[in-house]
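Observations on the model geometry
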Amino acid sequence: MPRLVVVRRILLGLVAAVVVAAVVAGVVVVSAARDSLPTRSGEASLPGLGADVEVLRDGSGIPHIYGDSITDLARAQGYVHAQERFFEMDLRRHVTAGRLSELVGSAGFETDKVIRTMGWRRVAEQELPTLEPETRQVLQAYADGVNRYLRGRSPGDVSLEYTVLGLQHPLGDIEDWTPVDSLSWLKAMAWDLRGDYDDELARAQLNGRLTAKQIAEIYPPYAPDLRPPILSDDEWRPGRAPSGAATPSALVTDGDGAQGVADAETVVAETTSPAAVSAYAAVQQAMDAVPELVGRGDGIGSNSWVLSGTRTSTGRPLLANDPHLATSQPGIWIQNSLHCRTVGPSCALDVSGFSFAGVPGVIIGHNADIAWGFTNLGPDVTDFYLERIVGDTYVRDGEEIPLTVREETIKVAGAADQKITVRATEHGPVMSDVVKAARDAGQRAPTPEEEDETEDYAVSLAWTGLETGRTADAILRLNLASTWAEFREAARSFAVPAQNLVYADTAGHIGYQAPGRIPIRRAAIPKSPPGYWPAPGWDSRYDWSGYVEFTDLPWTLDPDDGTIVAANQAVMAGSSPFLTTEWYAGWRSTRISQRLAELDTVTPADMADIQMDDEDLFAQVLVPSLLGVPLEAPDSEPEQQDLLDFTEEARTLLRGWDRSTPASDSDSDSSAAAAYYYAVWSNLCELLFDDELPTELRADGGARWRAAVQNLLADPESDWWDNKLTPNVTEGKDEILRQALVQARLELTRELGKDPKSWEWGKLHRLTMEHKVFGDESVPGPVRWLFNEGPFDLPGGSAVVNANSWNAGEGYEVTSTPSMRMVVDLSDLDASTWINQTGVSGHATDEHWDDQTGDWIAGRQRPWPFSREAVESTDPDVMTLRPDAPDGS
């Protein structure tokens, strides 16, 4: 038989087998999709209830739960969350326990190594017995509700994802949910929202590659005179600094512009030598293996503001909030309400808002008396310590202290178990052990104190999230608070992640509180603020000496101007207490304040409209410089002049541009101008910074880089204006700006066409909401199609109020967004509005999987019913959970 015929028959046989397998798999998936959808009406059994609980789901599928005790409500919330989002809960559980490999196989191993090394779940286990008895009861009741829903259901009956994973490798039974699973998720949230972690490592890696002046220029200090902080000097007058703390009150500036701290007792520590820097780079690689659970990077933040009744059309406060987090399908939040039928001392819960599936209660929202919102405070709560390792010991104040050592076994689906060794010092886990290259690279970093060449270096991590805290207590207390005093007392327990809390109540008060566990550092590397560089672990003077007292953290109640805007900018202009050097630069907060100042009286509709504001405030700084660059070539270079004339056709878009950034428009050139402006900005970041930065640290174009460029535009002599990739040529500011204009013109011509007026920002700036397991390119197309949503053309951008952020070092695709939006009307809670990014359901074939996405993109918010009458007016589906209903219901 000819070889070609044989090959053809083999190929036909393989194709037939694939088709049959695909058909079989398709039948299995379709059947599983149908079987896993929850029942949302009728009756179901939930043993342990003290009385029947009603679950009313409105037209958006949002559950409003009514019961007679807090534990009944928690038990029912657990049941409902399991109905709607259990795979998401289980995925989070596996990630936070360092057990992702058990679910997805070897692809999860690197993640598991890092998280096992940090020991998130171990800390959560230690934390549980420290919580208030009522909190522990609520956590257990929630877990009981989850487990009742799971009982008797196979993984495929619970969620379609298990069926798809089961096609790859066998899955065991689903484990019971526990209170520790809920607490572990709070650790994960805190990890993504911690402050200064990436920058501390980045600066250490840049030291020696850049001058001290250059490093200072790309980490500019906050400019309170340009972009006001949350609290004015009149609103916050701090007390004395904590005794013995190294604070930026001692900051000085030396001759080359580098920041410093005057501390005569500190010793020079060479913690940024080449060997140490190699170790830091490897640690960064290990940290990058942890998946973004709520999001990381410049775009992760939030907008929030609150107005007193003196400023509103209702005569009572209005509060707006939209947290900016990573996108996913399903979205991060689940909306729900928890209502005691009769509110009183024995059952005081009457709350509605946004929750995390897996955690009881409401994270952000309102009850019958108060409303609150969150934005990330971003204090510096992590430090890396360079440790001197001698065998099984580490050096501390001249003594050799035994390392703490434990073994961990990681189970891997479809493969053999893997064992890792975790070591820790007084400061925390040795993160450089996670990546073998870090141990190999951290051989010897010379120090002035000793000459012994036999010591190795390791890098350990101190993080407040690795200590037990009481954030779970804070969540329950926030839900139950009815006054400012009770709200502040609840905030006292909020350890990690530290947040800006904005407040309003039906009595007419507004307020702000900064909570969180903020470390006090006794010493700082000379000429540096506290926590600016990795610290010498062998010197206990660089240890934390305690935490800032809650009473010393910034707060205000009823400011005179009736306005509080918190959008990740600096909390106060001063530096006591020391919180961080890494504030977001304040572009969004300043724009929100501008919009509010334009209005004599602010309506609820105005609040929602401001949330969608897409003006790029930084364009006021950059565009005049771009328009001032001559686009003229020497007479001897006519071809170059043709290119510059070609570029001028695009630059004309910036003349008269209103700085708005719509995805598209039909009656103006704003979208075309935005597309060109952002292309210029992307190319400018590359030309200005990336020639001197390592690939993994290239400029992302976010708020910090904008603040840096604002300063550099006023300093044309800065070394940054010279492209180091062009030897023997010194470009200068105008030449770098000119090149950015030209390269952007050529780029968009390739991507969007030759006519600049036809360009649209949304054709570049697109969002695909990806499933956490089945969303990326390694997954077969049909599976991605089932679980992903998009792409969608979006307006806005980084450092814009409508913060659909993107990374200039990677492309124009959206990386983080407002994860939800809400406006609370304290004059009539039923008049409040809200919108989620996706939908309530975590089931890909359910009608509420993505039913809010269209409104979210368009900037529309939906009515937020709170009273029983308002909920019932939506013609809800009603499910009754009974303690004695027949099994199997």
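Residues numbered from 1 in each chain as written. Predicted model: local features only at pLDDT ≥ 70, side-chain atom pairs only at ≥ 80, totals over all residues. Heavy atoms only, no water.

**A look at the overall build of the chain**
Quick note on the threshold: Only DSSP runs of H or I with at least four residues qualify as helices, and only runs of E with at least two residues qualify as strands; both kinds are numbered from the N terminus onward. When a residue's accessible area, from a 1.4 Å probe over protein chains only, is under 20% of the maximum for its type it is buried; when over 50% it is exposed; and in between it is partly exposed. Any pair of residues with heavy atoms lying within 4.5 Å of one another is described as a contacting pair. Using a 1.4 Å probe, accessible areas were evaluated by the Shrake-Rupley method; residue-level cover was limited to the displayed protein chains.
From N to C terminus, the chain includes 26 helices and 32 strands. Taking all 889 residues of the chain together, 61% fall into the buried category. A separation of at least 24 residues holds for 73% of the contacts in the chain among residues at least 6 apart in sequence. Carbon and sulfur atoms provide 50% of the accessible area of the chain, an area that totals close to 32900 Å².

**Description of helix 21 (residues 703-713)**
Burial analysis of helix 21 places ten of its eleven residues in the buried class, the great majority of the element. Those residues of helix 21 lying buried are Ala703, Arg704, Trp705, Arg706, Ala707, Ala708, Val709, Gln710, Leu712 and Leu713.

**Focus: the environment of valine 729**
Looking at where valine 729 falls in the secondary structure, it is placed in the loop between helix 21 and helix 22 (733-752). Not counting residues up to four positions away in its chain, the partners in contact with valine 729 are Asp722 and Asn723.

**Some thoughts on the environment of glutamate 847**
Looking at the element boundaries, glutamate 847 is found in the loop between strand 30 (833-836) and helix 25 (853-858). What makes glutamate 847 exposed here is its relative accessible area of 60%. Along the primary structure glutamate 847 and glycine 61 are separated by 786 residues, whereas in three dimensions their C-alpha atoms are 8.8 Å apart.

**Regarding the packing of aromatic side chains**
Selection rule: Only rings of Phe, Tyr and Trp enter the pairing, Trp through its six-membered ring, and a pair is recorded when the two centres are within 6.5 Å. The plane angle decides the type: under 30 degrees is stacked, over 60 is edge-to-face, the rest tilted. In our convention, an over-ring charge means Lys NZ or Arg CZ found within 6 Å of a ring centre and within 35 degrees of that ring's normal.
On inspection of all chains with the given rule, the structure shows 32 aromatic pairs. Seen in terms of ring centroids, phenylalanine 354 and tryptophan 834 are 5.5 Å apart; in terms of plane orientation they differ by 75°. Their pairing is edge-to-face. With phenylalanine 354 in strand 9 (residues 350-355) and tryptophan 834 in strand 30, this residue pair connects regions lying 480 residues apart in the sequence. An aromatic cluster is present here, built from Trp185, Trp333, Phe354, Phe356, Trp834 and Trp864 joined pairwise through their rings. In this structure, arginine 704 is placed above the aromatic ring of tyrosine 219, and the distance from its NZ or CZ to the ring centre is 4.0 Å.

**Describing the side chain of threonine 661**
Put simply, the rule reads: N or O atoms closer than or at 3.5 Å make up a polar contact, with two conditions inside protein: a donor-capable atom paired with an acceptor-capable one, and, for residues adjacent in sequence, both atoms drawn from side chains.
Tracing the backbone shows threonine 661 in the loop between helix 19 (638-651) and helix 20 (670-690). Under the relative-accessibility criterion, threonine 661 is labelled buried at 0%. For threonine 661, the side chain forms a polar contact with the main-chain oxygen of aspartate 614, separated by 2.7 Å. With residues up to four places along the chain from it excluded, the contact list for threonine 661 reads Asp614, Asp616, Ala674, Tyr678, Trp761, Pro795 and Gly796.

**So, the confidence of the model for the chain**
As a reminder of what qualifies: Values of pLDDT, which run from 0 to 100, indicate the predictor's confidence residue by residue.
Residues at a pLDDT of 70 or more form 89% of the chain, whose mean pLDDT is 89. No element of the chain has a lower mean pLDDT than strand 4 (residues 251-253), which averages 30, and none a higher one than strand 29 (residues 820-825), which averages 99. Across residues 1-25, confidence stays below pLDDT 50; counting only partners more than four residues off in sequence or on other chains, it has three contacts. Throughout residues 437-454 the model reports pLDDT below 50, and contacts reaching past four residues in sequence, or to other chains, amount to 44 contacts.

**So, the nonpolar core**
Going by this rule: Throughout, nonpolar core names a set of buried Ala, Val, Leu, Ile, Met, Phe, Trp, Tyr and Cys residues whose side chains join them through atoms within 4.5 Å.
Grouped together as the largest cluster of nonpolar side chains are 155 residues, with contacts concentrated most on Trp120 and Leu881. Here this core gets twelve residues from one element, more than from any other, and that element is helix 2 (residues 70-96). With residues near it in sequence (within four places) discarded, leucine 881 still touches Ala44, Leu46, Leu49, Ala51, Asp52, Val53, Val55, Ala76 and Tyr79. Core analysis: the next-biggest nonpolar cluster, separate from the first, contains 72 residues, Ala674, Tyr677, Ala679 and Phe689 among them.

**Here's the deal with helix 6 (residues 133-150)**
Our working definition: To estimate how far a helix should reach, multiply one less than its number of residues by 1.5 Å.
An ideal rise of 1.5 Å per residue puts 26 Å on 18 residues; helix 6 measures up with 26 Å between its terminal C-alpha atoms. Considered for burial, the residues of helix 6 that qualify are Thr135, Val138, Leu139, Ala141, Tyr142, Ala143, Gly145, Val146, Asn147, Arg148, Tyr149 and Leu150. Close packing links the buried residues of helix 6 with strand 1 (42-45), helix 2, helix 7 (155-158), helix 9 (179-192) and helix 14 (471-480). Glycine 152, located one to two residues past helix 6, shows a positive phi value of around 80°.

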